[in-house]
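# Fold and geometry: a report
Each chain, written out:
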Amino acid sequence: MTFNSFFTNPQQGSPVKVESGVAAATAFDIRSLNLWFGSHQVLFDVSLQIPVRAVTAIIGPSGCGKSTLLRSLNRMHDLVPSARMEGRITLFGEDLYSKKIDPTLVRRRIGMVFQKSNPFPTMSIAENVTVGLRLNGMRKSDLLQERLETSLRMAALWDEVKDRLNAPAISLSGGQQQRLCIARALAVKPEVLLMDEPASALDPIATAHIEDLILDLKKEFTIVIVTHNMQQAARISEHTAFFYLGKLVEFDTTTKIFTTPAQKQTEDYVTGRFG
Amino acid sequence: MTVTNHNWRKFKNAFMQTLTCVCAVLVVLPLVLVFYHLIRQGFTSLNWAFFTQLPKAVGEKGGGMANAIVGTFVLMGQAALLGVPVGVLGGVYLSEYGTSRLNWWIRFAADILNGVPSITWGVVVYGLMVVPMHGSSALAGGVVLGLMMIPLVMRTTEEVLQLVPGGYREAALALGISKWRIIVQIVLRTASKGIVTGVLLALARVAGETAPLLFTAFGNLGWAHSLKEPIAAIPLLIFNYAISPYDDWHRQAWAGALVLLLLVLFLNIGVRFLTRSKFSARGT
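What this report covers is the structure whose coordinates are included nearby.

Conventions adopted
- Residues numbered from 1 in each chain as written.
- Chains lettered and ligands numbered in written order.
- Predicted model: local features only at pLDDT ≥ 70, side-chain atom pairs only at ≥ 80, totals over all residues.
- Helix = DSSP H or I, 4+ residues; strand = E, 2+ residues; numbered from the N terminus.
- Rg over C-alpha atoms; globule rule 2.2 N^0.38 Å.
- Buried ≥ 20, exposed ≤ 12 C-beta atoms within 10 Å, placed from the backbone.
- Contact = placed C-beta atoms within 7 Å.
- Axes fitted to C-alpha atoms, helices over the stretch in contact; angles between N-to-C directions.
- Parallel < 35°, antiparallel > 145°, perpendicular 65-115°, else oblique.
- Left-handed = near helix turned anticlockwise from the far one by under 90°.
- Pairing = 2+ DSSP bridges.
- Nonpolar A, V, L, I, M, F, W, Y, C, P; charged D, E, K, R; others polar.

### Some details on the overall build of chain A
Helices and strands together make up the secondary structure of chain A, namely eleven helices and eleven strands. Here the C-alpha radius of gyration of chain A, 19 Å, is about what a compact globule of 275 residues would show, namely 19 Å. With the C-alpha coordinates of chain A rotated into their principal frame, the extents come out at 55 × 45 × 40 Å. Buried positions account for 47% of the 275 residues belonging to chain A. Of the contacts formed within chain A by residues at least 6 apart in sequence, a portion of 68% connects residues at least 24 apart.

### Section: the environment of Asn103(B)
All names here are of chain B. Looking at the secondary structure, you find Asn 103 in helix α4 (residues 100-115). Residue Asn 103 is classed as partly exposed on the basis of its 15 C-beta neighbours within 10 Å. Along the primary structure Asn 103 and Tyr 93 are separated by ten residues, whereas in three dimensions their C-alpha atoms are 8.8 Å apart. When near neighbours in sequence (up to four residues on either side) are disregarded, Asn 103 contacts Leu 94 and Gly 98.

### Considerations on the packing of helix α5 (residues 141-154) of chain A against helix α7 (residues 174-187) of chain A
Residue and element names in this part refer to chain A. Where α5 meets α7, the closest approach of the two axes is 8 Å, and the angle between their N-to-C directions is 130°. Regarding the angle of α5 to α7, the classification is oblique. As α5 packs across α7, the resulting crossing turns out to be right-handed. Listed contacts from α7 to Arg 147, Ser 151, Leu 152 and Met 154 of α5 are Ala 183, Leu 186 and Ala 187.

### Re the sheet that holds strand β10 (residues 239-244) of chain A
Residue and element names in this part refer to chain A. Ordered by their spatial adjacency, six strands build an open sheet running β7-β8-β9-β4-β10-β11, and the pairing between neighbours is mixed. In this open sheet, the two edge strands, each paired with only one partner strand, are β7 (110-113) and β11 (247-253). For this sheet, the mean angle separating the axes of adjacent strands, direction not counted, is 15°. When strand β4 (residues 55-59) meets strand β9 (residues 222-226), the two strands line up parallel, connected through four bridges. Within the sheet, the bridge partner assigned to Ala 57 lies in β9 and is Ile 225. Most of the contacts of α7 go to β7, to which it runs at about 170°, and overall it touches β7 and β8 (192-196).

### Examining the interface of chain B and chain A
Often, the extent of an interface is quoted as the loss of accessible area on bringing the components together. Facing the 20 residues of chain B at the interface are 21 residues of chain A. Elements supplying a minimum of two residues to the side of chain B that touches chain A: α7 (166-174) and α8 (179-190) of chain B. Element by element, the count of residues in the side of chain B that touches chain A is highest for α7(B), at six residues. Considering only residue class, the side of chain B that touches chain A consists of nine nonpolar, seven polar and four charged.

Set out below in structure tokens:
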């Protein structure tokens, strides 16, 4: 496949200096991204380098384009006929929107977890985890079995479900369903994990589970998380990007964003003066 | 003041509740009446011979409609072979692929076709098949019923596919699964119950069609030995017997109607049993 020849190992990504104080190898490199739905412009000239093997949080009030940005990273907007994009997004140096690239292959490298947990209702717990592999042509049952257990362990769900892997996925609680969705995303061995408010529909205990999980996963994955919850961003992320009205206001280390932000707007938002 | 208000509100509530209940019963009532009448008139003529023998000539006692029962199965089987794949795939196109402009025309055409009187379908297939083939045939009967099923199945398939939450499609897409696999393994599987219901409704509807069969399958007093020959069908036999002046035939017609109703009922139960979901607890 062509993407392999373009593909650079995460470890070898070029070090990029990002704004003040952020220096790390880059996973996603977003350059001058503009995005419209019909005639309505949602993102304005966004440039952002997302560092590898770390958690990058995207915060901002509703409608500021956080989710839109996240979904442009795995080409989910391809589904929306009215969406139009300008600019460039690369993942480890490879242009994700190049005409030579098959979007389904891009999406296999980029896992995604949604706000509303969405395990497939016609499938069992085990089938949900391995669905990405099976429907991409994987037949070896020992490998599927191994990947099933590894993914469920990584998602910290194995001990709770190991005795009922063939039970329907929707018999799980809300928090378990969300961890199942994370396991499902991990099973195809993505390089990056995108999370769109993964804990916003969960109670505090389930939220704590998911946050612990994210802290574990960042040792191996690059994670981009959209969140409404600023405490959550402060707890789990190394870097934070603040968006307002479709523009990137500020991107820096999380500590800096929450203690000494450079922009007045950022300070107003994180201190709760608006939004 | 507030107490009177409250009582008036309670009265309105009780009144409307009773009204909706009465209407719900009114919906079920015709079914009960039809069933009662059919059983009362037709049950006495039901016996082993009814299911195993050919119709007897006027005046002779006994006889059955084995050929018509088999004929109805043959016709419905052909109709399903034509109507289900075309209808389901057309519904998939409308829901998952089509552009809104083209979809509008396809839906418009399907809705018009759903409203076309069944005798018109019969005349059309008569012109397209019966005339060129120099005679009525089971094949023409199957084709006309299949054609009638297509718009019905297509529209219900489209509607149930639209009910599958977009989140499932997105989740599958984010796993890097190709579109056709998402449609087959995720979307159609999730909507399978609804599609089965739609197909059954369409089959039940064409099972009782008489007018289009008069032009195509025509009917047969004996067995049809190939699909190129005219074939008997329960509705055709009911029609012929019911307009005859003989009491004996009238009773046979009642029994035929009862068998047709039971056939649709058992078809429904059987298909639902076979396609029941692995996880019976789920809602959709």
